[in-house]
Amino acid sequence: MAVKKRLVINFTGYEGLHPDAVRGRYLNASADFNTLWHTKTKAGPMQPEGPNIASMQLDTTGANWTVETEFCQYGTADIFDAYSARNVVTRFATGLMAFLDILITGTFWRYLRTSWRFCIFFMWPFALTCFISLVALLIGLGPLFGGFSAYHMFWTIPLALAIARLLIRWPGEKVFLSYLLDDWAAASDRIYRRSPALLERRKAFADHLTEKLRESGADEVVIIGHSLGTVPAVEAIADVWRSAPQLIRQQPVSLVATGSCLLMIAFHPRATDLREDVRVVLQDTPVLWAEYQTIADIVHFYRLNPAAALGIIPRTEPLIRRIRFKHIHSAKRYARAKKNFFKMHLLFLKGAQIRNAYDMGMFVQGPFAFQDLAVRDSAPPLDDAGRLVEAVRA
């Protein structure tokens, strides 16, 4: 099916990018798309439409086709800014508590059974946290361990705290320690529904999505959830389905889950609301759920089907597409990303530099319906000049 008008809803994960920054990142991907397919893109500004919600217009012109895309950004950067603004002790303590909770509740063992690679991502920041805590403890209580007077603790404890803070800054900041502790603290708050701001944002997302679906008149709706962004994406779809299911039925709606960390939360025994939302989307709605996974990225659940992992019998099986970044991006970009696991995780969002089946620019701006693209194993049928063949145009 040829598409002339598309609504894209973009849910970002745990990152501090506000709408204008997301616009800049996507336009970099769009530039790759323009180069690869010989297109031109006219992008409007991000227009604020709610709390960390904004939209921009993308008008794409190919050799013999045009597509209008409304790109809506749904984010929580303002909420996550508040996490990073907390003092060092609070960030350290809440992150450590989240780690212990994952262990005590048995959630870690679910990670281990299903994705040992994700366990590496989970363990190393907390291993560093435990190491820093142990160093501080040994220095602070050193006089007692060494048989010296307890009065020495008047200077060893301040020294221990100073060294701990230094270790948090280096090597901690170099390996994103505080950021990851905040990430897990926020995930814990989401699981236990402790954050009024996140609960209010969920309602704002659902209300705004309802309005967009009612007004857009798009040929298709593509909802993108990257990393932890898959969680609010699923919540919003489920909320709209409960209140206005006809809006989901009136045009094709697809969920594009890229590098999804949904199971990071859904595996927790207290995440019953999220598992019910996943069930609603998979069992009740006609939404196509497409998962894109790659072995090169440890920050998601590679080779896992979310329906099977959660014991859900879906209306239609999710599409699980395994991709290779080296077949999508240039050797230079891929080599840079291999030096940093966050950069590798973000390659899902960068524009393709090699023609292939996974192309974020094509999903957002191209002339083909996503549900047709999702089942392809090769690049979409445009010729070398980016022209659309007549059979598809019809």
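As the structure is a computational prediction, the values presented were derived from the model and not from experiment.

Draft legend 1. Summary view of the packing of helix H9 (residues 196-215) against helix H10 (residues 230-243). One way to put it is that H9 packs onto H10 with a least axis distance of 9 Å and a crossing angle of 60°. When the axis of H9 is compared with that of H10, the two are oblique. Taken as a pair, H9 and H10 cross one another with a handedness that is right-handed. Residues Arg202, Phe205, Ala206, Leu209, Thr210 and Leu213 of H9 touch H10, and the partners they reach there are Pro232, Glu235, Ala236, Ile237, Asp239, Val240, Arg242 and Ser243.

Draft legend 2. Representation of the environment of arginine 202 within the structure. With respect to the secondary-structure elements, arginine 202 resides in helix H9. Sequence spacing of arginine 202 and proline 252 is 50 residues, and the spatial spacing of their C-alpha atoms is 23 Å. Ignoring sequence-local partners within four residues, the contact set of arginine 202 consists of Glu235, Asp239, Arg242 and Asp277.

Draft legend 3. Expanded view of the side chain of aspartate 189. Residue position: aspartate 189 is located in helix H8 (residues 177-191). By relative accessible area, aspartate 189 is classed as buried at 17%.

Draft legend 4. Here's a closer look at the packing of aromatic side chains. Tallying each qualifying case throughout the model produces 36 aromatic pairs. Relative to phenylalanine 121, the ring of phenylalanine 118 lies with its centre 5.5 Å away and its plane at 55°, an arrangement referred to as tilted. Taken together, the positions of phenylalanine 118 and phenylalanine 121, both in helix H5 (residues 116-140) and 3 residues apart, correspond to about one turn of that helix. Using a relative accessible area of 0% as the deciding quantity, one classes phenylalanine 118 as buried. The exposure class of phenylalanine 121 is buried, given its relative accessible area of 2%. When the centroid spacing of 5.0 Å and the interplanar angle of 90° are considered together, the rings of phenylalanine 363 and phenylalanine 370 count as edge-to-face. According to the relative accessible area criterion, phenylalanine 363 is buried, its value standing at 1%. In this structure, arginine 117 packs its charged tip against the face of tryptophan 116, placed 5.9 Å from the ring centre.

Draft legend 5. Region of interest: a nonpolar patch on the surface. On the surface, Leu134, Leu137, Leu138, Leu144 and Phe145 cluster together into a nonpolar patch covering about 500 Å² of accessible area. Broken down by secondary-structure element, the contributors of at least two residues to the nonpolar patch are H5 and helix H6 (142-145). Sorting elements by how many residues they give to the nonpolar patch places H5 first, with 3 residues. With respect to the element layout, phenylalanine 145 can be found in helix H6.

Draft legend 6. The arrangement of the nonpolar core in detail. If you look at the biggest cluster of nonpolar residues, it comprises 82 residues, and the most contacted ones within it are Tyr111, Trp184, Ile223, Met264, Val278 and Trp289. Not counting chain neighbours up to four residues away, the residues in contact with tryptophan 184 comprise Ala98, Ile102, Tyr111, Phe118, Phe121, Phe122, Phe126 and Met264. Judged by nonpolar contacts, the second largest core, of 42 residues, contains Val22, Val256, Ile323 and Leu388.

Draft legend 7. Here's a closer look at unusual backbone geometry. Residues other than glycine seldom take positive phi values, yet histidine 38 does so here, at roughly 60°. Structurally, histidine 38 can be placed in the loop between helix H1 (19-37) and strand E2 (40-43). A positive phi angle, close to 60°, is found at serine 227, a residue other than glycine. Inspection of the secondary structure assignment puts serine 227 in the loop between strand E6 (220-226) and H10. Note on serine 227: relative accessible area 10%, which makes it buried.

Calculation notes
- Residues numbered from 1 in each chain as written.
- Predicted model: local features only at pLDDT ≥ 70, side-chain atom pairs only at ≥ 80, totals over all residues.
- Heavy atoms only, no water.
- Axes fitted to C-alpha atoms, helices over the stretch in contact; angles between N-to-C directions.
- Helix = DSSP H or I, 4+ residues; strand = E, 2+ residues; numbered from the N terminus.
- Parallel < 35°, antiparallel > 145°, perpendicular 65-115°, else oblique.
- Left-handed = near helix turned anticlockwise from the far one by under 90°.
- Contact = heavy atoms within 4.5 Å.
- Buried < 20%, exposed > 50% of the residue type's maximum accessible area, 1.4 Å probe, protein only.
- Phe/Tyr/Trp six-rings, centres within 6.5 Å; stacked < 30°, edge-to-face > 60°.
- Lys NZ or Arg CZ within 6 Å of the ring centre and 35° of its normal.
- Patch = residues over 30% accessible without salt bridge, like charges linked within 9 Å, V, L, I, M, F, W, Y side chains within 5 Å.
- Areas by Shrake-Rupley, 256 points an atom, 1.4 Å probe, with all protein chains shown as cover.
- Salt bridge = Lys/Arg side-chain N within 4 Å of Asp/Glu carboxyl O.
- Core = buried A, V, L, I, M, F, W, Y, C linked by side-chain atoms within 4.5 Å.

This is a description of form; function is not addressed.
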